[in-house]
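# Chain and residue survey
Residue-level listing of the chains:
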Amino acid sequence: MKTPLAELHAEAGARFIEFAGWQMPVHYGSQLEEHHAVRNHAGCFDVSHMAVVDLDSGYAEPLLRRLLVSDVSRLNAGDAVYSLMLNERGGIVDDLITYRREHGYRLVVNAGTTRKDLDWIARCERELKTTATAHHRNELCIIAVQGPQAVKNVRNLLNLRELNELESFTFVERADYFVARTGYTGEDGVEVICSAEAAIDLWSRLVTNGVQPVGLGARDSLRLEAGLNLYGHDMSDDTNPFECRVAWTIDWEDEDRDFIGRSVVEHVRDEGALTKLVGLKLTERGIPREGFAVQTKEGAGIVTSGTFSPTLKQGIALARVPVSTRGSCQVEVRRRLIPAKIARLPFVRRNI
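The text that follows walks through the structure, step by step, so that each part is easy to find. Going along each chain's sequence as written, the residues are numbered from 1 onward. Side-chain atom pairs in this predicted model are given and counted only at pLDDT of 80 or more, local residue features only at pLDDT of at least 70, and totals for whole chains, interfaces and linings cover all residues. Processing note: side-chain calculations cover all non-hydrogen atoms of the structure and skip hydrogens and water entirely.

Moving on, we come to the pairing of strand E4 (residues 51-55). For E4, the buried fraction is high: five of the five residues fall into the buried class. Burial classes: relative accessible area under 20% of the type maximum marks a residue as buried, over 50% as exposed, and values in between as partly exposed (1.4 Å probe, protein chains only). Counting from the N terminus, the helices are DSSP H or I runs at least four residues long and the strands are E runs at least two residues long. Burial along E4 is two-sided: the face carrying Ala 51, Val 53 and Leu 55 and the face carrying Val 52 and Asp 54 are both buried. Pairing analysis gives five bridges linking E4 to strand E7 (residues 105-109), with the strands arranged antiparallel. Bridge assignment links Val 53 to a residue of E7, and that residue is Leu 107. Pairing of E4 with strand E8 (residues 134-136) involves three bridges; the strand directions are antiparallel. Looking at the pairing, Asp 54 lines up with His 135 of E8. In short, DSSP must find at least two bridges between two strands for them to pair.

As structure tokens, then:
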């Protein structure tokens, strides 16, 4: 599959790869330049492969209070929340963002889990016998604009003066555009959901105004520098939130809210997890990759995501290790044990 922006990507010299069934640009010539453009100025990403799912029924709230670890009843119109769907074993079905609209809710879920998520939501609808129906809005596109100059560019191009006043994880809807102060890079910015026609127009104007097109390659190095998980790598159906640094998303306050997987993650909360996800910085040359072995004094671990950090100019990784692990460790890179130290996340903090 291709997004409606594919022709524009090709014209810009994009190199395409297959990702979750989509032909997506991995870079437009230099992943390194694209990475630095986002850190220093602004970059735009086509993330239209991700799925927009709308729930418009009045029964959407009880459905989402069952599906999500966050309590959506706490959201006001215009608010958003990063959350998780769990299975009955406490494993993570997906991570997603939920937006509270004036009438109903909007979800944005991962491309690789779209079918699974829609089936999971439908199963919960049947369980609760609700009339809430999830609508997959596959006609919509998503453009992420990230970096220190991102908000300024989108504000001027869309004439959205109120954008400067929006806090993180809030949004506005104006005409053809749904504009949220969210992103996946650790930088300031927005994500814009709109029609294909509007997306083509916005992308063209962004590039004309000097915003750098950015592919999936830099998107991955940026999110890893920001210490952000990637579903299917750092978390999955077989890992619980306490093993993935995302237990903070769970709203425990309403003891009667029986979200799926609650009893299991309550047990993990009370008894403790066996493993944890940590950041690693290699202290010698080497690039850690997913699946590389990690050796610690407390036992074996594994790299879940790894790359060369363009900002720090060293190898960095997320790794799952025994929960008691502290201090230093070693990562096996090309049959060599490279020393590493456990690092505070995020690896790179944006200047505010």
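After that view of the structure, there is still more to cover.
Any two of the Phe, Tyr and Trp rings considered here, Trp counted by its six-membered ring, make a pair once their centres fall within 6.5 Å; the pair's planes then place it as stacked at under 30 degrees, edge-to-face at over 60, or tilted in between. Inspection of every chain in the model, using the stated rule, returns five aromatic pairs. Summarising the aromatic geometry, the rings of Tyr 99 and Phe 171 are spaced 5.5 Å apart at their centres and angled 90° between planes, so their arrangement reads as edge-to-face. Highlighted residues: Tyr 99 in strand E6 (residues 92-100) and Phe 171 in strand E10 (residues 171-174), separated in sequence by 72 residues. The exposure classification of Tyr 99 matches that of Phe 171, with both residues buried. The structure contains a cluster of three or more aromatic residues connected by ring pairs, namely Tyr 99, Phe 171 and Phe 178. Above the face of the Tyr 105 ring, Arg 100 is positioned so that its terminal group lies 4.8 Å from the ring centre. Lysine NZ or arginine CZ positioned within 6 Å of the ring centre and within 35 degrees of the ring normal marks a charge as sitting over the ring. A cation over an aromatic ring shows up here: Arg 269 above the ring of Trp 252, its NZ or CZ 4.3 Å from the ring centre.

Considering the arrangement of structural elements, one finds Gly 215 in the loop between strand E13 (212-214) and helix H7 (216-225). Separated by 171 residues in sequence, Gly 215 and Cys 44 place their C-alpha atoms 8.6 Å apart. Residues are treated as being in contact if the distance between any of their heavy atoms lies within 4.5 Å. When residues no more than four places from it in sequence are discounted, the contact partners of Gly 215 are Pro 25, Val 26, His 27, Tyr 28, Glu 34 and Phe 45.

For the rest of this paragraph, the subject is the pattern of salt bridges. By salt bridge we mean one thing: a side-chain nitrogen of Lys or Arg within 4 Å of a carboxyl oxygen of Asp or Glu. In total, this model carries 24 salt bridges according to the counting rule given. Note that Glu 187 is salt-bridged to Arg 39, the shortest N-O span being 3.1 Å. In this pair, Glu 187 sits in the loop between strand E11 (177-180) and strand E12 (189-195) while Arg 39 sits in helix H2 (residues 31-40), placing the two residues 148 residues apart along the sequence. Residue class for Glu 187 comes out buried when judged on its relative accessible area of 13%. A salt bridge links Arg 65 to Asp 254; the shortest N-O distance between them is 2.7 Å. Of this pair, Arg 65 sits in helix H3 (residues 60-67) while Asp 254 sits in the loop between H7 and helix H8 (262-271), placing them 189 residues apart in sequence. You can call Arg 65 partly exposed: its relative accessible area is 21%. Since its relative accessible area comes to 25%, Asp 254 is described here as partly exposed. By sharing partners, the salt bridges in this structure join Asp 54, Arg 101, Arg 106, Arg 137, Glu 139 and Glu 173 into a single network.

Note that every value here comes from positions in space, so none of it alone points to a role or purpose.
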